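Take a look at the letters that make up each chain.
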Amino acid sequence: MTERIGQPELLKEINRSRVFDALRAAHLISRAKLAQQTGLSRATISTLADEFLQIGVAEDVGFGDSTGGRPPVMLKFNPNTALALGARMRDHEWGIVITNLNAQILHQINVPITDGTPETAVKALKQGVATLKSQVGRQKILPAIGLGTPGLVDMHAGVIKTAVDVSWFDVPFREMVEASLGMKAFVTNRSKVGALAELWHGANQGIKELIYVSIGTGVAAGIIHEGKLFMGANSSAGELGHVTILPDGPLCPCGNKGCLQQLVSGVAIANRAREKLRQSDDTILHALIGTHPERITADVVFQAAEQGDSLAKEIIDETAMYLGIALANVVNLFNPELIVLGGPVGQKGEILLEPLQAEVRRRAMAYPLSATRIITTVLGPNAGTVGAATLVLQRASDLLFERT
Ligand SMILES: [Zn+2]
């Protein structure tokens, strides 16, 4: 879809993207300041600013503070000039959003994926996107969609190599989505897009060393190093769910034994509760599930622990211990400034966070740990969808000016 472009044009695109990002971050800024921040000449800034004014993504407003001489005209970023689409797949469901250029969610929808095949997933995505588009009216939508999917994703080829949760192997997902939706698609693992969301739109913007750990049905990390997603040799870095915690622990679908995921995922918590329940009468879990052990979920265990149930608390503390072992290793290995916990289990808050932090303090080396904070996501369930839209927003300037 993108035509071949020569050197001068490529350079222009790169410069334009830099100025666009600086304008978006500042929201209101003078041309002189833009030149200063990007290191580009005043003439280049002026040409690019004219382009932004022409498509309405910037407007000239009033006068800024002057340090003497003529007060400067300020450029104001207009985040509603164009919108971005993002979708995250989890538990046989798409969460799809349309955001403005500042990643604020304007519309959102959840669409079930009935039989869990890639074909059905694409159909459900198409239907959800059509519904959202019909709510937008005349606003321009950038001609691309960002996707956060389960599994190991070859980002460059857009192929989902293996997603054990849904039994997908070597699925050319980008190609399928592009053919069906008639727009570009960017596909990445959902924990990686969660990390992008935390980096760009979380409570701690400006942090360059960040690790987002998503814990739900699966467990994975998105690693941000020097302000960028760390991908690894074939874009599969961050499979924290499959580091070994117990050498002879429960068998994992990946073929290994005692993987972190088999000890701290929502399913693992429920399984452990079911086992302990057989040996104990002294717990309110019995009252919460009646005679239906299949009704035990991680949510129910957390609910009982919040009410002071000691068996449920024991299960959460065990979960925190296993997770703490893994995160202490992460701290020693990566020396992150921030670890953000997300996903249905990860975002439970203090009841998990407190024993987890204690475990990490017990195990990690004091010096690397002295730079690290561990917190719960502030984006909540939207980390994945906003992160997926961010795959498009990162390329907003190119997409806005793309010749079709
Ligand atoms: Zn595994």
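Residues numbered from 1 in each chain as written. Predicted model: local features only at pLDDT ≥ 70, side-chain atom pairs only at ≥ 80, totals over all residues.

A. Representation of unusual backbone geometry within the structure. With phi around 70°, H27 is a residue other than glycine that occupies positive phi space. Within the secondary structure, H27 sits in the loop between α1 (7-26) and β1 (28-30). The partly exposed category is assigned to H27, around which 13 C-beta atoms lie within 10 Å. At D170, a position not held by glycine, the phi torsion is positive, near 50°. Checked against the element boundaries, D170 lands in strand β10 (residues 168-171). (Helix = DSSP H or I, 4+ residues; strand = E, 2+ residues; numbered from the N terminus. Buried ≥ 20, exposed ≤ 12 C-beta atoms within 10 Å, placed from the backbone.)

B. Inspection of the sheet that holds strand β15 (residues 338-342) at higher detail. Pairing is mixed across the open sheet formed by 5 strands, whose spatial order is β14-β13-β12-β15-β16. Each edge of the sheet is formed by a strand with only one pairing partner; in this case those strands are β14 (228-229) and β16 (373-376). (Pairing = 2+ DSSP bridges.)

C. Representation of the domain arrangement of the protein chain within the structure. Looking at the protein chain, the domain boundaries give domain 1 (7-77), domain 2 (82-198 + 384-400) and domain 3 (205-378). Between domain 2 and domain 3, the C-alpha centre-to-centre distance is 26 Å. Mapped onto the side of domain 2 that touches domain 3, the elements with two or more residues apiece are β8 (152-154) and α6 (190-201). Broken down by element, the side of domain 2 that touches domain 3 gets its largest block of residues, 7 residues, from α6. Grouping the constituent residues of the side of domain 2 that touches domain 3 by class yields 7 nonpolar, 3 polar and 7 charged. (Domains from an automatic or database assignment. Nonpolar A, V, L, I, M, F, W, Y, C, P; charged D, E, K, R; others polar.)

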